[in-house]
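Structural characterization, general
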Amino acid sequence: MTAPVDDPAAARLPSGPGAARSGSDPAAAAARATEAILADTLHGPHRGVVVDSPPGAGKSTLVVRAALELAAAGRPLMVVAQTNAQVDDLVVRLAEQNPDLPVGRLHSSDTDAYDKALDELPNVRTSARAADLAGLDVVLSTAAKWAHVTVDEPWRHAIVDEAYQMRSDALLAVAGLFERALFVGDPGQLDPFSVVGAEQWAGLSYDPSASAVSTLLAHNPGLPQHRLPVSWRLPASAAPLVSDAFYPYTPFRSGTGHGERRLRFAVPSDGTGPDRVIDEAAQTGWGLLELPARHTPRTDPEAVRAVAAVVARMLARGGTTVSERSEEPAPLTADRIAVGTAHRDQAAAVKSALAELGVRDVTVDTANRLQGREFDVTVMLHPLSGRPDATAFHLETGRLCVLASRHRHACVVVCRAGVSELLDEHPSTEPVQLGVTVKFPDGWEAMMSTWAQWSEHRVPWRP
Amino acid sequence: MPARPLDARALAALAANPGCRRRALLDGAGVDKAALADALGAPAAFGQSQFAFARGHAFETRVKADGGAELLRLVHERLDPTAEPPRQAEVADLAATNNEGRTARTALALREATEAGGWTLLDHPMLALQVAGSPAFLEPDAVVVHPDGTWTVVEIKSFPVLDGAADPAKVGAAARQAAVYVLALEEVAARLDPPPRVRDRVLLVCPKDFSNLPAASAVDVRKQRAVTARQLARLTRLEEIAGALPEGVCFSPELPAEELTAAVDAVPATYAPECLATCELAFHCRARALAAGEVTALGRSVRAELGGLRTVEEVLAAAHGEAGEEDDPAVAALRRAAALRAQALAAATAEEVPCP
Amino acid sequence: MSLITTLARLEAVRSGRARPAATVRHRHLSERPLVFVPLTTAGEVGAPLGALVGTDRHAPRLLAVPQPRDRDLRFAFLAELADVVLPYIESFTADVEPAERTETDPSTGKRVKAEVELCTDAPQLIVPSRSGIDYVRLLGRSMRFRRTAEQDPDDPHPAPPRVPLLGRWLTHFAERARVPGSSMLLALTEVLARHWTTGQSALEDQHLGALLAWISPPEGLSGAEAALHAERARDAGGQLLCPPAGPATDPAFDNKLLAPAVERYDRARGALAAAEDGVQADGRLGALTAAEEEIRALVERCARPTWDRVWDGLDLLRTLPEAAHVPDRWTRDRWSFTAHRDRVLAGEPPQPRHDDAVTAAAKLAAREREQARLDAQEALDDPLVMAGRQLAGEAFAGEVVDVAMAYSEGRRPSPRPLVTVRTGDRPHLTGQTRVYRSLDSRPQSAECVAHEDGGEAGGTLIVLRLLDKMGRGKEPAPGSVPEKGDRVCFTLFEHEQRGGPKLPDPEDTPWTHGGPPGEAGAPEAPDPVTEEDLL
């Protein structure tokens, strides 16, 4: 991870019970939620605890804290994450919080199976064999690797991270390894999927292609479900939009108030579209750079150049950010900016357009790969820009949610005009499976509501 | 010519192609599209087998037998189990001579049943929904009034629920249809004080497995309701479409085919193959779209990577280097695709051994 | 849809004929397939109207149900179907070859090799379209829980002896059809559309007549004209000249021809039942037989065109050479067939209504693996498929412009030559992407070390480090390293599939998935009989 998710939630935990009572203080609300989660995890009667965490709500901090407390309570712990990068990140955080804790990193036998930086950590042992790590307080690995582990005696406890991105069948393969578990994840991000049809199991509680959490709750409806109520990442300008559009039934708020975060540029606007949209975003948190309506292929050269121009101008204009992290303005550097796209070829096109402008070190990636990451400013190529039709892929709420929730200060959306017409003309012939709980929000609805809000920050531009 | 009610097929056509102006105008104006298609020489291929009709009718009769006792029991069990179980079913009398009369009787019966506070079944009530400025009449299979004064739409379908699963396309269509009834019921409810709540879960009743026994499922139609409400709201823009037409355009099937074709062509259509399953005019529109070389006639997804290119000739010319700019990524990709395809076909004819 | 397919469609429009979508045949075709053209009764679930079935294109067996709502007649149809299908299936059960299979030893839990039988060939069912596969599944479901008089002497309506067994086999075929690349039960429209691209939409390709019209239009007609004729043309009586491939029939057929015929049959039967003496009965029996014959003729009239088209379609497919990996996938079908044969022989109960959690997960994992295998094998077997992967950035082909010898570090240095390839493709390379090429039908892997613009000569230069398949010596085995000037093709996808995760046994289903299924092995109850089932 190039952008460390430096989460203030842990630092702000109140010291006494009195602090937790003030209702309007986001830190107090977050702390109350965390205490309740830990109480259920450590002392509750249930075999499982589920935690919904919206973007930037301190999920990793919670996982690390729960791991440390479980270890301190003498309960051997296994941690299941979904990707190697997520596992490595958790190992590093654990070692930072408690350098003396004996930690095992179970990895696959592929080359580059884990981040070599872990080799520098004195109390972290790495191995491709679970037996080598027996007896360590905490052992971490991916769900895929855990699925090949067999044990005589199950672990007392497990933490399953990114549980909403884990498929039910992956949980089935590892659930025999532990007695109890804390499941943590973000229900608003991209759902797991299968490349082959799984309709025959739709409606079954254990549909193997469904998310691990939906199966878990279908079979254990009484499990305590918590949510982290505060996003420490999203600014006050973004949290309501993201919460309303993507988490309508589990709202959250921003940990910072209006005006607590500021984005400024030393060089004034030159009056062009990119500069005007940058200023709009700096002021309001959102900006929509709208290009003339036109049907284009995915790698629309004008839109790609517009994205690159916005990024280049942000850097050229000497941006600074002010936030609760420091009194001093921090420079908005390339590594604090990301570009998000729906498709890989779009990301590749943006990368080469940025290279032509001499811009390096800006992260450019698809929504899938930006999950879990955080930046100061993001520029999004809207998934529906220039499309003659919308497909289920482009309407997936998780994709738009990821793209719209990576930033601490501002997000610029680049798009061709015509999105509302496209949505109006989208056929609504979705099949319905009996017995499957309807998932909210609907992609079409989320597209509509976000578009309506972004339209208020519209800067039309003819490049 | 009397305007036709907005039936299930018109609603399905709306869902399948909400952007088609031709369909919007004809449906909004209540034109008989089947008669129009006949007159245009491209008759629709929709028909119902009398076997299916007889079976469907027998099933519905069975489900509603005994004054709806079984149906009310299913509504209670699936949607409202905490309410008192239905003992004595009230069946509202909805007889009237015409649609307007039945609509009024339905509204009256709904009000009385809501005030009475028991279980009431309304068998084939008549509802009116404002579509494009005029009332469209709708006839749900049944509406049930709960003791708490809430209302539920019941849809009875003849496709089976086999081992708990049913054809998702058919369930989806039933959900969209039920969502329209929910919207229409909400209009009735809004005129009462306090307005009763129309439940957003409807009851879908289908034959169970291979039998004639009912299998009832609660279906959440919130999504379909939201989408349909928006689509119906758009239909009010009909004046805009009509305003763009030349003076005196008429769609009477009595007209000579040539004049009729010209009249229909005056309203732009957005044909896609999905229309074949839902719209009476589809064969006519398909023939016109193919004649014009529209690529979407081969499927909506065909256009996804073609950018601004719309016709078969444009695309082929671009692919073979006869037209288009190399720096247009759609053109460049087409040329790469054409080259790769040509190479592969040449390789296959030259030697049996494929690429190593 | 990939641009290559889009182009093929547009070329088909322009030329008026379907264009190739494959250069080889990617599905196994049996020497002796069993073709099954079922027809169903509208509105009735699992009430067959009739069928043509058999292995001889010139002599299909005609089955018909003169009154589809009569359970006894339905059972008679199913029994007759079993008499055709089961002997065909059973003709493959006896020929076996010895094979090895890895099994888990129940006492030690270790993976051990076991000597087992593998049927040398397997049956193959061909239906006209995708809905035909669904119908096979439906028929299987309607039969497999039935009880015969032998199984349940108290059943008032016992099924004919072999009907439940047919249900189990049809269920197996239909379930196998969900496995990507399997050829045990094929829908002809899907196989044809896999190999040819027409000038109509994929939706319209589901019409067998229209699809074949594009692939081989009759003399003097374009594909579009022939397809329109197949789809729409009706005779003076309003009947389609090319009836739908079923199992659903055309409403005009039902209403104008079938319904009156069924009514005549009902009347004749009623009259026979009311006959007062033998002479009268004899005469009325004749009328009944005539009425029945009439319905049989209608069923044949409706199904025969489809039957002939299915065989025409098979002929077309046989003009394509079989792809190299097809036998490999057919062997998997043979394993599947042998395994089900053994389950039947072992007296195991019929497939349950619902898979348990473990079975569902295992099936999904197997199908995902088979999908990846199919995608890789089709690309390796067929340059036209590979072209699509190249266009998508998942493979690249080009010329080797440089080879530099290099070695791995460590005590025993192994060859790790650096191969530079110039390609016109644009693969999605990020970091040290692994790539693979087929070397004597086995995958050789390499990693991408660098890639840069190809300069004046064009394209992209990709530097690869070869990693394996070069033998054990210090020098690479002959032929294992490409030479300058060689044409090579590397893929970003793996050629062979790894095994999936080990899942628990069903009786060890964890608490997250509901725990062990209750009463393991309890047989599923048959469907309850309702009065509507009987006239």
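Residues numbered from 1 in each chain as written. Chains lettered and ligands numbered in written order. Predicted model: local features only at pLDDT ≥ 70, side-chain atom pairs only at ≥ 80, totals over all residues. Heavy atoms only, no water.

Within chain A one finds 16 helices and 19 strands. The C-alpha radius of gyration of chain A comes to 22 Å, within 12% of the 23 Å expected for a compact globule of 463 residues. Here chain A holds 463 residues, and 59% of them are scored as buried. If you sum the accessible surface of chain A, you get close to 17700 Å²; carbon and sulfur atoms cover 51% of it. Chain A carries 43 positive and 56 negative side-chain charges, and their two centres are separated by 2 Å. (Helix = DSSP H or I, 4+ residues; strand = E, 2+ residues; numbered from the N terminus. Rg over C-alpha atoms; globule rule 2.2 N^0.38 Å. Buried < 20%, exposed > 50% of the residue type's maximum accessible area, 1.4 Å probe, protein only. Areas by Shrake-Rupley, 256 points an atom, 1.4 Å probe, with all protein chains shown as cover. Lys, Arg positive; Asp, Glu negative; His and termini not counted. Charge placed at Lys NZ, Arg CZ, Asp CG, Glu CD.)

Residue and element names in this part refer to chain A. Across the sheet, which stays open at both edges, the eight strands sit in the order β4-β3-β5-β2-β6-β7-β1-β8 with parallel pairing between neighbours. On the outer flanks of this sheet lie β4 (124–127) and β8 (225–227), each paired with one strand and no other. When strand polarity is set aside, the average angle formed by the axes of neighbouring strands in this sheet is 20°. Sheet topology places strand β1 (residues 48–52) next to β8; three bridges connect them, and they run parallel. Considered in β8, the bridge of Val50 is made with Gln225. This element, helix α4 (residues 84–97), spans β2 (77–81), β3 (103–106), β4 and β5 (138–142) of the sheet and lies at about 160° to β5. (Pairing = 2+ DSSP bridges. Axes fitted to C-alpha atoms, helices over the stretch in contact; angles between N-to-C directions. Contact = heavy atoms within 4.5 Å.)

Right, let's get into unusual backbone geometry. At the junction of Asp193(B) and Pro194(B), the peptide bond is cis and its omega measures out at 0° in the coordinates. Among the structural elements, Pro194(B) can be located in the loop between α7 (168–190) and β7 (201–207). In this structure, Pro247(C) follows Gly246(C) across a cis peptide bond, with omega equal to 0°. Tracing the chain through its elements places Pro247(C) in the loop between α7 (223–232) and α8 (251–273). Look at Glu162(A): it is not a glycine, yet its phi comes out positive at around 50°. Even without being a glycine, His124(B) presents a positive backbone phi close to 45°. In this structure, His124(B) sits in the loop between β2 (120–123) and β3 (127–131).

For the rest of this paragraph, the subject is the nonpolar core. The biggest cluster of nonpolar side chains holds 91 residues, and the ones touching the most others in it are Leu81(C), Leu185(C) and Leu192(C). Take this core: its biggest share by element is 13 residues, from helix α9 (residues 278–318) of chain C. Leu81(C) has contacts with Phe36(C), Val53(C), Leu63(C), Leu139(C) and Leu166(C), leaving out every residue within four places of it along the chain. Leu127(B), Val198(B), Ala215(B) and Leu232(B) belong to the second-largest nonpolar core, a separate cluster that totals 44 residues. (Core = buried A, V, L, I, M, F, W, Y, C linked by side-chain atoms within 4.5 Å.)

For the rest of this paragraph, the subject is the interface of chain B and chain C. Contact residues are listed per partner, giving 53 residues for chain B and 59 residues for chain C. The contact between chain B and chain C buries some 5000 Å² in all, and 64% of this surface belongs to carbon and sulfur atoms. On the chain B side of the contact with chain C, Phe51(B), Phe210(B) and Arg341(B) bury the most area, a combined 17% of that side's loss. Inspection of the chain B/chain C interface yields seven salt bridges. Its salt-bridge partner being Arg286(B), residue Glu231(C) comes within 2.4 Å of it at the nearest N-O pair. For the pair chain B and chain C, the number of links is twelve residue pairs in polar contact (both at pLDDT 80 or more). The greatest single-element share of the side of chain B that touches chain C, amounting to ten residues, is contributed by helix α13 (residues 329–350) of chain B. Grouping the constituent residues of the side of chain B that touches chain C by class yields 33 nonpolar, nine polar and eleven charged. (Buried area = accessible area lost by both parts, 1.4 Å probe. Salt bridge = Lys/Arg side-chain N within 4 Å of Asp/Glu carboxyl O. Polar contact = N/O pair within 3.5 Å; in protein donor to acceptor, adjacent residues only side chain to side chain. Nonpolar A, V, L, I, M, F, W, Y, C, P; charged D, E, K, R; others polar.)

Next up on the list: the packing of aromatic side chains. As enumerated under the stated definition, the model contains eight aromatic pairs over all chains in all. Ring centres of Phe396(C) and Phe490(C) lie 5.9 Å apart, and the angle between their planes is 25°; this geometry places the pair in the stacked category. Of this pair, Phe396(C) sits in strand β10 (residues 395–404) while Phe490(C) sits in strand β15 (residues 487–491), placing them 94 residues apart in sequence. Accessibility assignment for this pair places Phe396(C) and Phe490(C) in one class, buried. Here the aromatic cluster, defined as three or more aromatic residues joined through ring pairs, consists of Trp169(C), Phe173(C) and Phe337(C). Above the ring of Tyr114(A), the side-chain terminus of Lys116(A) is found at 4.3 Å from the ring centroid. It is Lys474(C) that lies over the ring of Tyr407(C); its NZ or CZ is 4.2 Å from the centre. (Phe/Tyr/Trp six-rings, centres within 6.5 Å; stacked < 30°, edge-to-face > 60°. Lys NZ or Arg CZ within 6 Å of the ring centre and 35° of its normal.)

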